[in-house]
Amino acid sequence: MTLMKTKTNELLEQHQQSRTKCLVYTRVMGYHRPVESFNIGKKGEHKQRIHFKEC
């Protein structure tokens, strides 16, 4: 796993100039809201979510 992190960090450093900030929105209580505005607890819950694909 350490090797994978090292490769990921190398790629991020190589492409640092072309990176831009991406806002991630999620649906909360019937409306869409940016994840960056969540408090620490809600951000933790969002990271633990499991994504699935419907057949």
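Structure's up top.
A brief report on the enclosed structure follows. Being a predicted model, the structure only gives us computed values, none of them experimental.

Definitions and cut-offs
- Residues numbered from 1 in each chain as written.
- Predicted model: local features only at pLDDT ≥ 70, side-chain atom pairs only at ≥ 80, totals over all residues.
- Heavy atoms only, no water.
- Helix = DSSP H or I, 4+ residues; strand = E, 2+ residues; numbered from the N terminus.
- Buried < 20%, exposed > 50% of the residue type's maximum accessible area, 1.4 Å probe, protein only.
- Contact = heavy atoms within 4.5 Å.
- Polar contact = N/O pair within 3.5 Å; in protein donor to acceptor, adjacent residues only side chain to side chain.
- Salt bridge = Lys/Arg side-chain N within 4 Å of Asp/Glu carboxyl O.

### A short note on the environment of Thr26
Thinking step 1. Here Thr26 shows up in strand β1 (residues 25-28).
Thinking step 2. Residue Thr26 is classed as buried on the basis of its relative accessible area, which comes to 10%.
Thinking step 3. For the pair Thr26 and Asn9, spaced 17 residues apart in the sequence, the C-alpha separation amounts to 27 Å.
Thinking step 4. The contact partners of Thr26, leaving out residues within four places of it in the chain, are Tyr31, His32, Arg33, Val35, Phe38, His46 and Arg49.
Thinking step 5. In terms of polar contacts, Thr26 uses its side chain to reach the side chain of Arg49, at 2.8 Å.

### A few points about the environment of Pro34
Thinking step 1. With respect to the element layout, Pro34 can be found in strand β2 (residues 31-34).
Thinking step 2. Distance from Pro34 to Val24, taken between C-alpha atoms, is 5.6 Å for residues ten residues apart in sequence.
Thinking step 3. For Pro34, the contacting residues outside a window of four places in its chain are Val24 and Tyr25.

### Regarding the pattern of salt bridges
Thinking step 1. With the rule as written, the count across this model stands at two salt bridges.
Thinking step 2. Lys42 is the partner of Glu45 in a salt bridge, and the nearest nitrogen-oxygen pair spans 3.2 Å. Of the two residues, Glu45 and Lys42 both sit in helix α2 (residues 40-48), three residues apart, roughly one turn of that helix.
Thinking step 3. With relative accessibility at 43%, the residue Glu45 sits in the partly exposed group.

Limitation: the analysis is restricted to geometry and does not speak to function.
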